[in-house]
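Below, each chain spelled out in residue letters.
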Amino acid sequence: MKVSTVVHSIRRLYTIDPKREGLGVIADAAVAISDGKVQWVGPSDQAPDCPQRIDATGLVCLPGLIDPHTHAVWAGSRADEFAARLAGANYADILEAGGGILSTVKATRLATQSILRSHLTARLHHMRTRGVATVEVKSGYGLSPATELAMLKAADPKGMGMGVVRTFLGAHTIPKEFRHKRGAYVDQIIDEQLPLCAPHADFVDVYCDRGAFDLDESIAILSAGKALGLRVRAHAEQISHTGIAEAAAKLGATALDHLERIDDAGIAAMAKAGTVAVLLPGAQLYLRDTPPPVAALREAGVPMAIGTDLNPGSSPVHDLWTAATLACLTQGLTMDEAILGITRHAATALGLPNAGWIGVGSVADLALFAPPPGEPATTESLLQHMGRQGAQTMLISGAHT
Ligand SMILES: [Zn+2]
């Protein structure tokens, strides 16, 4: 066996390997890797010989974490809006005052691609210190062909030092200049933005909701993206029920996100299509919303992933562990479901079958965490203690960067 690195003496390894039971825990474990892939997993005293050895005594090892939903490319600040909300302003008041998504659009359009890149890099590298190896990043604050393209180019995975999956979200909201001709904006997305942006994206996404895009517009946009070879996902059933979850699942959506107001037909369609539910407890908390029907999703066998939804307005949450803990506290996930939600199920939500687990043939993305002081080396301790889960060591294979 050709091996370039062995991580040994891992106190508790969570393989999250579907071929093993539960979270696939191995105590006193080792992992051997080469060529960006895991070659061997087993007890530390049986690890193959190798000159490069990493001592993981006392540490918890998980697959590099995966954040399946962010809007991490943006310029400008909406801290004033947060203050206004806390003082009692509602969404309509904020929009009236020129706030909301459109204020981020204004600032992002004015920023150069290199400024967008440097802000994004700083945000993603902070996420990496928390154990995140792969992040999904959306466009959607440009809302014109050139600015949407600039956002996607700013998120080029090359040189980022971690995995980046890019999503085209030209259908985030209707830009100001198209306020009275929304049909023309939908046409521009389909005829101009998508053909220009598709080579720089993995997914097409749409914000289907009251005040954004309706069901017919959303399906037209998702179908056009699918025809260009993009995977399908959508911001679905968040503020109001629109029927997009059922329709997008029937279109073969890889993932559907938010789902606070999904109904039984939507859940059944997701289960049938194997679509992943991406839960976003940060947005739920900041918007003081109610949780999605987690028990019904679980009952139907819909896999659940968890994202930060990092964005400058409704979910300025930079930490995936915090999102996972919130999913337990405010949405009713079990701790094992939360760990699956930021590893293997998050990978499935991004169409990455070899990420989010550790086993022969998986990508060699490993995240090593020290438990909080005095706590056992378990995911339960990590999840319970908010803000204490910095990654001690990260190995990122670059296999999908
Ligand atoms: Zn979002």
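Residues numbered from 1 in each chain as written. Predicted model: local features only at pLDDT ≥ 70, side-chain atom pairs only at ≥ 80, totals over all residues. Heavy atoms only, no water.

(A) Local environment of the side chain of Arg-12. The residue Arg-12 is located in strand E1 (residues 5–14) in this model. As a buried residue without a salt bridge, Arg-12 has its nearest oppositely charged side chain in Glu-380, at a separation of 7.2 Å. (Helix = DSSP H or I, 4+ residues; strand = E, 2+ residues; numbered from the N terminus. Buried < 20%, exposed > 50% of the residue type's maximum accessible area, 1.4 Å probe, protein only. Lys, Arg positive; Asp, Glu negative; His and termini not counted. Salt bridge = Lys/Arg side-chain N within 4 Å of Asp/Glu carboxyl O.)

(B) The domain arrangement of the protein, seen in detail. Annotation of the protein at the domain level lists domain 1 (5–64 + 357–395) and domain 2 (66–349). Computed from C-alpha atoms alone, the centre-to-centre distance between domain 1 and domain 2 is 30 Å. Counting residues at the interface gives 22 residues for domain 1 and 22 residues for domain 2. For the pair domain 1 and domain 2, the two sides together bury roughly 1800 Å², of which 71% comes from carbon and sulfur. Together, Leu-23, Leu-383 and Met-386 form the three largest contributors to the area buried by domain 1 at its contact with domain 2, with a combined 34%. In this structure, the connection of domain 1 to domain 2 is made through zero salt bridges. Where domain 1 touches domain 2, the interface holds four residue pairs in polar contact (both at pLDDT 80 or more). At the level of elements, strand E5 (60–63), strand E14 (366–369), helix H15 (379–384) and strand E15 (391–395) are the ones that each hand at least two residues to the side of domain 1 that touches domain 2. Looking at which element gives the most residues to the side of domain 1 that touches domain 2, the answer is H15, with four residues. (Domains from an automatic or database assignment. Contact = heavy atoms within 4.5 Å. Buried area = accessible area lost by both parts, 1.4 Å probe. Polar contact = N/O pair within 3.5 Å; in protein donor to acceptor, adjacent residues only side chain to side chain.)

(C) Fine view of the pattern of salt bridges. Scanning all chains against the criterion turns up 15 salt bridges. Between Glu-217 and Arg-182 there is a salt bridge, and its shortest N-O distance comes to 2.8 Å. Placement of Glu-217 in helix H7 (residues 215–227) and of Arg-182 in helix H6 (residues 182–197) is noted, with a sequence separation of 35 residues between them. Overall, Arg-182 belongs to the partly exposed group, its relative accessible area being 32%. Among the ionic pairs, Arg-261 bridges to Asp-289, the shortest N-O distance being 2.6 Å.

(D) Molecular detail of the state of the cysteines. A complete count under the given rule lists zero disulfides for this structure. Counting only cysteine sulfurs, Cys-61 is the nearest neighbor of Cys-50, a cysteine outside any disulfide, at a range of 15 Å. Classification of Cys-50 as buried rests on a relative accessible area of 9%. (Disulfide = S-S within 2.5 Å.)

(E) How the structure looks around the nonpolar core. Formed by 90 residues in total, the largest nonpolar core has its most connected members in Leu-124, Phe-213 and Leu-256. Of the domains in this structure, domain 1 (5–64 + 357–395) and domain 2 (66–349) are the two that each give at least three residues to this core. Discounting residues that sit within four places of it in the chain, Leu-124 has contacts with Ala-72, Val-135, Val-137, Met-160, Met-162 and Val-164. (Core = buried A, V, L, I, M, F, W, Y, C linked by side-chain atoms within 4.5 Å.)

(F) Structural view of the layout of surface pockets. Considered as a void within the structure, the largest pocket measures approximately 1300 Å³ in volume. Taken together, 45 residues form the lining of the largest pocket, with Tyr-91, Leu-95, Gly-99, Ile-101 and Thr-173 sitting closest to its centre. Mapped by element, the contributors of at least two residues to the lining of the largest pocket are helix H1 (79–86), helix H2 (91–96), helix H3 (101–110) and helix H10 (281–286). Top contributing element to the lining of the largest pocket by residue count: H3, with six residues. Tallied by class, the residues present in the lining of the largest pocket amount to 18 nonpolar, 13 polar and 14 charged. (1 Å grid on protein atoms, 1.4 Å probe; cavity = no way out; pocket = protein on both sides within 12 Å on 5 of 7 lines; lining within 4 Å. Points joined across faces, edges and corners; volume = space filled by probe spheres on them. Nonpolar A, V, L, I, M, F, W, Y, C, P; charged D, E, K, R; others polar.)

(G) View of the packing of aromatic side chains. This structure, assessed with the given rule, holds four aromatic pairs. The interplanar angle of 35° and the centroid separation of 6.3 Å between the aromatic rings of Tyr-185 and Phe-213 together place this pair among those described as tilted. Remark: Phe-213 occurs in the loop between strand E9 (203–206) and H7 and Tyr-185 occurs in helix H6; sequence separation between them is 28 residues. Of the two residues, Tyr-185 and Phe-213, both sit in the buried class. Among the aromatic residues, ring-to-ring pairing joins Phe-178, Tyr-185 and Phe-213 into one connected group. (Phe/Tyr/Trp six-rings, centres within 6.5 Å; stacked < 30°, edge-to-face > 60°.)

(H) Focus on the sheet that holds strand E6 (residues 65–67). Strand order across the open sheet formed by eight strands is E6-E7-E8-E9-E10-E11-E12-E13, with parallel pairing between neighbours. Edge positions in the sheet fall to E6 and strand E13 (304–306), since each of these pairs with one other strand and no more. Strand after strand, the sheet turns through a mean of 25° between neighbouring axes, direction not considered. With four bridges joining them, strand E10 (residues 231–236) and strand E11 (residues 255–258) adopt parallel strand pairing. Within the sheet, the bridge partner assigned to Arg-233 lies in E11 and is Ala-255. Taken strand by strand, helix H4 (residues 113–129) contacts E6, strand E7 (132–138) and strand E8 (163–171), and its axis lies near 145° from that of E7. (Pairing = 2+ DSSP bridges. Axes fitted to C-alpha atoms, helices over the stretch in contact; angles between N-to-C directions.)

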